[in-house]
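Examining the three-dimensional arrangement
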Amino acid sequence: EAQVTQNPRYLITVTGKKLTVTCSQNMNHEYMSWYRQDPGLGLRQIYYSMNVEVTDKGDVPEGYKVSRKEKRNFPLILESPSPNQTSLYFCASSLGTSAYEQYFGPGTRLTVT
Amino acid sequence: GNSVTQMEGPVTLSEEAFLTINCTYTATGYPSLFWYVQYPGEGLQLLLKATKADDKGSNKGFEATYRKETTSFHLEKGSVQVSDSAVYFCALSDPANAGKSTFGDGTTLTVKP
């Protein structure tokens, strides 16, 4: 089954404790992206990647890192999480940019205390 | 920069009512436009899209027409069902900013029997 998977689905952590949210897709997609969803703010793009070893900042990259060492994986790293990073995070992938639809993972709900 | 403005919600309708969710955009280039739907507890999934002016996207009884002159992409459905209750997001992807996607704030639709 074609899908985007994220782990963990739920995470409660404390300020400053480094964490990684994994994202993997099995559709051989070139493009992957991370978003955060907050009430009243819709989805905001954090980082995206057009191909292996090619990443770029979205609209809200501060406090996040990403890497794209393999085509299928695109982990999101929070080196020192803070409470304002409490949010619902989605990973997405697509064949390409612009006209192509994005396929979304199920989401990771992160709480930073 | 690019932006997407959706009508404010939430929207509550009775079953079989007519639905319109307004969406307008600003973009530097000639974007592709999308409507995504998010059911409770799930990730977003594509509802429909249009990639050039005057194109009409349609799916599951929903329609939206890409109007370049009014920079709009309003979502319509002639007769909603309880199962249409979800959050709807308008989004654009601009080839002039390849890789970046912009989403609206989302509109929550509740359909009552």
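Conventions adopted
Residues numbered from 1 in each chain as written. Chains lettered and ligands numbered in written order. Predicted model: local features only at pLDDT ≥ 70, side-chain atom pairs only at ≥ 80, totals over all residues. Heavy atoms only, no water. 1 Å grid on protein atoms, 1.4 Å probe; cavity = no way out; pocket = protein on both sides within 12 Å on 5 of 7 lines; lining within 4 Å. Points joined across faces, edges and corners; volume = space filled by probe spheres on them. Helix = DSSP H or I, 4+ residues; strand = E, 2+ residues; numbered from the N terminus. Core = buried A, V, L, I, M, F, W, Y, C linked by side-chain atoms within 4.5 Å. Buried < 20%, exposed > 50% of the residue type's maximum accessible area, 1.4 Å probe, protein only. Contact = heavy atoms within 4.5 Å. Buried area = accessible area lost by both parts, 1.4 Å probe. Salt bridge = Lys/Arg side-chain N within 4 Å of Asp/Glu carboxyl O. Polar contact = N/O pair within 3.5 Å; in protein donor to acceptor, adjacent residues only side chain to side chain. Nonpolar A, V, L, I, M, F, W, Y, C, P; charged D, E, K, R; others polar.

**What about the layout of surface pockets?**
- Estimated volume of the largest pocket: approximately 630 Å³.
- Around the largest pocket, the lining comprises 37 residues; the ones closest to its centre are Gln37(A), Pro39(A), Gln38(B), Val87(B) and Phe89(B).
- Of all the secondary structure elements, the ones that give two or more residues to the lining of the largest pocket are strand E4 (31-38), strand E9 (87-94) and strand E11 (108-112) of chain A together with strand E1 (3-6), strand E10 (86-93) and strand E12 (107-112) of chain B.
- By residue number, the principal contributor to the lining of the largest pocket is E11(A), which donates four residues.
- A volume near 300 Å³ is recorded for the second largest pocket.
- Every residue lining the second largest pocket is counted, 17 residues in all, and those nearest its centre are Val4(A), Tyr103(A), Phe104(A), Leu44(B) and Gln45(B).
- Secondary structure elements with two or more residues in the lining of the second largest pocket: strand E1 (4-7) and strand E10 (103-104) of chain A together with strand E6 (44-50) of chain B.
- With three residues, the single largest contributor to the lining of the second largest pocket is E6(B).

**Comments concerning the nonpolar core**
- Counting residues in hydrophobic clusters, the biggest one holds 26 residues, and the most contacted among them are Trp35(B), Leu47(B), Leu48(B), Phe73(B), Leu75(B) and Tyr88(B).
- No other element matches the four residues that E10(B) contributes to this core.
- Excluding residues within four positions of it along the chain, Tyr88(B) makes contact with Gln6(B), Ile21(B), Trp35(B), Tyr36(B), Val37(B), Leu47(B), Phe62(B), Leu75(B), Gly106(B), Thr107(B) and Leu109(B).
- In this structure, Cys23(A), Met32(A), Ile46(A) and Leu110(A) belong to the second largest nonpolar core, which totals 19 residues.

**Concerning the interface of chain A and chain B**
- Taken together, the contact between chain A and chain B spans 24 residues of the former and 21 residues of the latter.
- Buried surface at the junction of chain A and chain B, summed over both partners, amounts to about 1,700 Å²; 48% is from carbon and sulfur atoms.
- The three residues of chain A that bury the most area against chain B are Leu43(A), Ser98(A) and Phe104(A), which together make up 29% of that side's buried surface.
- The tally of links from chain A across to chain B stands at one salt bridge.
- A salt bridge links Asp59(A) to Lys100(B), with the nearest nitrogen and oxygen atoms 3.8 Å apart.
- Viewed at the interface, chain B and chain A are joined by eight residue pairs in polar contact (both at pLDDT 80 or more).
- If you list the elements that add at least two residues to the side of chain A that touches chain B, you get E4 and strand E5 (42-51) of chain A.
- Among the residues making up the side of chain A that touches chain B, the classes are represented as eleven nonpolar, nine polar and four charged.

Remember, this is a structural readout, not a statement about activity or role.
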